[in-house]
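The residues making up each chain are set out below.
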Amino acid sequence: MSLRRAKISIIGAGNVGATCAHWCAAAELGDIVLLDIPQTDGMPQGKSLDLFQASPIWKYDAKITGSTDYADTANSDVVVITAGIPRKPGMSRDDLLATNAKIVGSVAAEIAETSPDAILIIVSNPLDAMVQRALQVTGFPSNHVMGQAGVLDTARYRAFLAMELGVSVEDIQAMLLGGHGDTMVPLTSCATVGGIPVTHFIKPERLAQIVQRTRDGGAEIVKLLKTGSAYYAPAGAAAQMVEAIVRDKKRLVPVAAYCDQEYGVGGYYVGVPVILGANGVEKILEIPLSDEEKAGFAKSVAAVKSLVATMATLV
Ligand SMILES: NC(=O)c1ccc[n+]([C@@H]2O[C@H](COP(=O)([O-])OP(=O)(O)OC[C@H]3O[C@@H](n4cnc5c(N)ncnc54)[C@H](O)[C@@H]3O)[C@@H](O)[C@H]2O)c1
């Protein structure tokens, strides 16, 4: 019998990476390696030691290692890639394309070498293109390479709906499709409070405002922070995906998954509802869409295709 903790490596020990390590440790999801570039000079080691020192207080058992050497990440079960630059005010996610495509490409190549059986969760932006890059470089099975966007966008939507209705966030369910943020497609019929459609309680014009705030959820925080982008909720979302995999929870969540025949996408990453478990994206669920949702989804897919085409000229 071989029983061991899952090994989770998080590449990029900045705001999202370190916070993801925090959520993963607190939920006792496994042993954690937090890796950054050598120029960070002790930063991943310092953050990891700090996080380990919190473990007696918050009662989690985990080996937490800070490193700049991929050898320490060898044979990881799950790798979360947050390496790259974040947005500053006035920047769109797409403005990060050239820099982050190179960074994600180099990280993915290292992971393919050291953890050939890992399941990869990409967080770096522009998300849908970065996942495609990781798939191209690693050559991993496409269900083992995915992106985090929908869990965050859904959480933002659920948080704003709970705020509007004055109810627990736990009682709100929602589902979104499409690209991250600006091109996301909320499925109005899937937004419920205690199983009751939210449209019973919120007028269409108000719901449209909440959807728009969700769409701009990242930009609202970038504007407030001024020096970077959101990280608590993005990191929490990535940690929830790690949990679904290491605990084989079969969560039904929106994930940037590789769709070929599904939804007629033709070989690109786009946000769709999936079953997430120990084998990564175990199933992509195809659900009927209204004409408006179909049009929004087509716009998302077109945006992803155009980004991927631009990326091909840059790497
Ligand atoms: N998908 C999402 O929902 C979502 C949400 C928030 C942020 N993001 C993205 O996540 C990324 C990270 O954001 P952040 O706020 O943590 O930024 P950050 O600047 O705080 O951290 C990024 C880290 O990556 C490291 N890094 C750079 N090149 C590297 C390399 N080659 N190998 C390893 N590490 C490397 C940097 O040294 C830095 O520590 C950004 O691209 C951001 O846009 C995505």
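Above: the structure in question.
The following paragraphs examine the structure supplied in this document. (Residues numbered from 1 in each chain as written. Predicted model: local features only at pLDDT ≥ 70, side-chain atom pairs only at ≥ 80, totals over all residues. Heavy atoms only, no water.)

What about the overall build of the protein chain?
- Across its full length, the protein chain holds ten helices and 14 strands.
- The C-alpha extent of the protein chain, read off along each of the three principal axes, is 55 × 50 × 45 Å.
- Among the 315 residues that make up the protein chain, the fraction classed as buried is 50%.
- Of the roughly 14,300 Å² of accessible surface on the protein chain, a fraction of 54% belongs to carbon and sulfur atoms.
- Separation between the mean location of the 27 positive side-chain charges and that of the 32 negative ones in the protein chain comes to 4 Å. (Helix = DSSP H or I, 4+ residues; strand = E, 2+ residues; numbered from the N terminus. Buried < 20%, exposed > 50% of the residue type's maximum accessible area, 1.4 Å probe, protein only. Areas by Shrake-Rupley, 256 points an atom, 1.4 Å probe, with all protein chains shown as cover. Lys, Arg positive; Asp, Glu negative; His and termini not counted. Charge placed at Lys NZ, Arg CZ, Asp CG, Glu CD.)

Overview of a negative patch on the surface
- The grouping of Asp69, Asp72, Glu110 and Glu113 at the surface amounts to a negative patch.
- Topologically, glutamate 113 is positioned in helix α4 (residues 97–114). (Patch = residues over 30% accessible without salt bridge, like charges linked within 9 Å, V, L, I, M, F, W, Y side chains within 5 Å. Salt bridge = Lys/Arg side-chain N within 4 Å of Asp/Glu carboxyl O.)

Points about the pattern of salt bridges
- This structure, assessed with the given rule, holds eight salt bridges.
- We note a salt bridge from arginine 247 to glutamate 243, for which the minimum N-O separation is 3.0 Å.
- A residue is classified by how much of its surface remains accessible, and arginine 247, at 40% relative accessible area, is partly exposed.
- In this structure, a network of salt bridges that share partners links the residues Asp248, Lys250 and Glu282.

Looking at the site of the ligand
- Around the ligand sit 28 residues in total, of which Asn15, Val16, Asp36, Ile85 and Val123 are the nearest.
- The contact in question runs from an oxygen atom of the ligand to an N or O atom on the side chain of asparagine 125, over 3.0 Å.
- Glutamine 148 places a main-chain nitrogen or oxygen 2.9 Å from a nitrogen atom of the ligand.
- When the free accessible area of the ligand is taken as 860 Å², the share hidden by the protein chains comes to 87%.
- Those elements giving two or more residues to the shell around the ligand turn out to be α1 (15–26) and α4.
- Of the residues forming the shell around the ligand, the biggest block, three residues, is contributed by α4.
- The class makeup of the residues in the shell around the ligand is 15 nonpolar, twelve polar and one charged. (Near = heavy atom within 4 Å. Polar contact = N/O pair within 3.5 Å; in protein donor to acceptor, adjacent residues only side chain to side chain. Nonpolar A, V, L, I, M, F, W, Y, C, P; charged D, E, K, R; others polar.)

As for the pairing of strand β13 (residues 268–277)
- Taken across its ten residues, β13 has nine buried, putting it largely inside the fold.
- As defined by bridge partners, strand β12 (residues 251–259) adjoins β13 across nine bridges and the pair is classed as antiparallel. Its bridge partner being in β13, arginine 251 is matched across the sheet by leucine 276.
- When β13 meets strand β14 (residues 280–284), the two strands line up antiparallel, connected through four bridges. Its bridge partner being in β14, isoleucine 275 is matched across the sheet by lysine 283. (Pairing = 2+ DSSP bridges.)

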